[in-house]
Amino acid sequence: SAARVASTAGELTPTQLYERYAPCVVGVLNLSAVTDLYGKDTMQASTGSGVLLTGDGEILTNYHVVKDCTQLTVTLYDGTEHTAKLLGYEEDSDIALLKIDGSGYRHARLGDSDRLRIGTEVAAIGNPLGDLDYSLNVGYISAKDRDVDLDGPSIRMMQLDAAINPGNSGGPLINNQGQVIGINSAKIASTDVEGLGFSVPINEAKTVIDDLTKYGYVKGRVQLGITGYSVNSNGYHGFVIQSINDDSVLKSTRAAVGDLITAVDGTDISGYSDLRAALAKHAVGDEVQLSLLRLDNRTGEKTTFTVTCKLAESKN
């Protein structure tokens, strides 16, 4: 179309977008310590993308790109490599903020994702599959306000038909004014699916970015102060409490390690994702009622009970 050949006033062609803003994009290599099937400690490598936010090296990416990191290496457009520091992250929004040393980096401008309309042309720049460096994919906003489940609470995202593949995660979605309006975060991968990518709206990320910069965490998020794992077998489903932190809101209740949380405020939960989603609906200081099941492994006796607790602020 003519729009792809020559830009109108204030708009950039995909070629112009790439030439101007590809240097704002970085590759992210995450080395994490894992234990293999034989019980041996080893390092596992994963890759993603990111976008420079400031001239002094702050980088926006996805949390899942840097999850469980032991060492982070950022590669710039010119091929230079830098060790990165994780400044902060929030798992629920899939946003993380990194920092590399130095100054004078070309950085992106942030736009207003609320002003986007379905059919707006957008461009994604990133490193699909980890080795196809600085690829440009062009498409259109297919839908706004999609709830996408990434093994946790649903994240409100934009749907687009530009190709988003593993390795693109954390890279910018750019409008034709050269502004970042999303962070590419997920793709439904299937042999039967084509042209279905998702991006976190930049307006959703701005509050997270600001809080991570100021405080190192996102203010106003809630927590119980426990760890555990999901169970869905043998007729049981919910979230098993594996540990209770010293500052947990459950510390002075009847709840104990080994109990199964089966509902929040009377609504059944099937595991970690449901528990996080239920808690995310509340504010710090809200009271919630948890339904628990306790199984005596020695006698097989089952006990069900409820506890009420006041939610604390998460600073992770």
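The structure displayed is predicted, hence computed values, not measured ones.

### Remarks on the environment of S142
So, step 1. Following the sequence through the fold, S142 ends up in strand β9 (residues 135-148).
So, step 2. Overall, S142 belongs to the partly exposed group, its relative accessible area being 30%.
So, step 3. Remark: the alpha-carbon pair of S142 and A162, spanning 20 residues in sequence, is separated by 9.4 Å.
So, step 4. Those residues in contact with S142 that lie beyond four places of it in its chain are I118, Q159, L160 and D161.
So, step 5. Of the polar contacts made by the side chain of S142, one reaches the backbone nitrogen of D161; its length is 3.4 Å.

### Describing the sheet that holds strand β6 (residues 95-99)
So, step 1. Ordered by their spatial adjacency, six strands build a closed barrel running β1-β2-β3-β6-β5-β4, and the pairing between neighbours is antiparallel. Between one strand axis and the next, the sheet turns through 40° on average, direction left out of account.
So, step 2. Here four bridges tie strand β3 (residues 58-61) to β6, and the two strands are oriented antiparallel to one another. The partner of E58 across the bridge, within β6, is K99.

### So, the side chain of D94
So, step 1. By the secondary structure assignment, D94 is in the loop between β5 (81-90) and β6.
So, step 2. Side chain to side chain, D94 and H64 meet in a polar contact 2.9 Å long.

### Quick word on the side chain of E58
So, step 1. If you trace the backbone, E58 turns up in strand β3.
So, step 2. Within the buried core, E58 has no salt-bridge partner, and the shortest N-O distance to an opposite charge, that of K99, equals 6.6 Å.
So, step 3. Excluding anything up to four places from it in sequence, E58 contacts V51, L52, L53, L87, L97, L98, K99 and T213.

### Looking at the pattern of salt bridges
So, step 1. Counted under the stated rule, the structure contains four salt bridges.
So, step 2. Of the charged contacts in the structure, one is a salt bridge between K251 and D246, with a shortest N-O distance of 3.7 Å.
So, step 3. The exposure class assigned to D246 is exposed, which follows from its relative accessible area of 70%.
So, step 4. One salt bridge in this structure joins R294 and D259, with 2.7 Å as the shortest N-O distance. With a gap of 35 residues between them, R294 in strand β19 (residues 287-295) and D259 in the loop between β16 (236-244) and β17 (260-264) connect regions that are remote in the sequence.
So, step 5. According to the relative accessible area criterion, R294 is partly exposed, its value standing at 27%.
So, step 6. Since its relative accessible area comes to 1%, D259 is described here as buried.

Rules used throughout
Residues numbered from 1 in each chain as written. Predicted model: local features only at pLDDT ≥ 70, side-chain atom pairs only at ≥ 80, totals over all residues. Heavy atoms only, no water. Helix = DSSP H or I, 4+ residues; strand = E, 2+ residues; numbered from the N terminus. Buried < 20%, exposed > 50% of the residue type's maximum accessible area, 1.4 Å probe, protein only. Contact = heavy atoms within 4.5 Å. Polar contact = N/O pair within 3.5 Å; in protein donor to acceptor, adjacent residues only side chain to side chain. Pairing = 2+ DSSP bridges. Axes fitted to C-alpha atoms, helices over the stretch in contact; angles between N-to-C directions. Lys, Arg positive; Asp, Glu negative; His and termini not counted. Salt bridge = Lys/Arg side-chain N within 4 Å of Asp/Glu carboxyl O.

Purely geometric stuff here, so don't read any function into it on its own.
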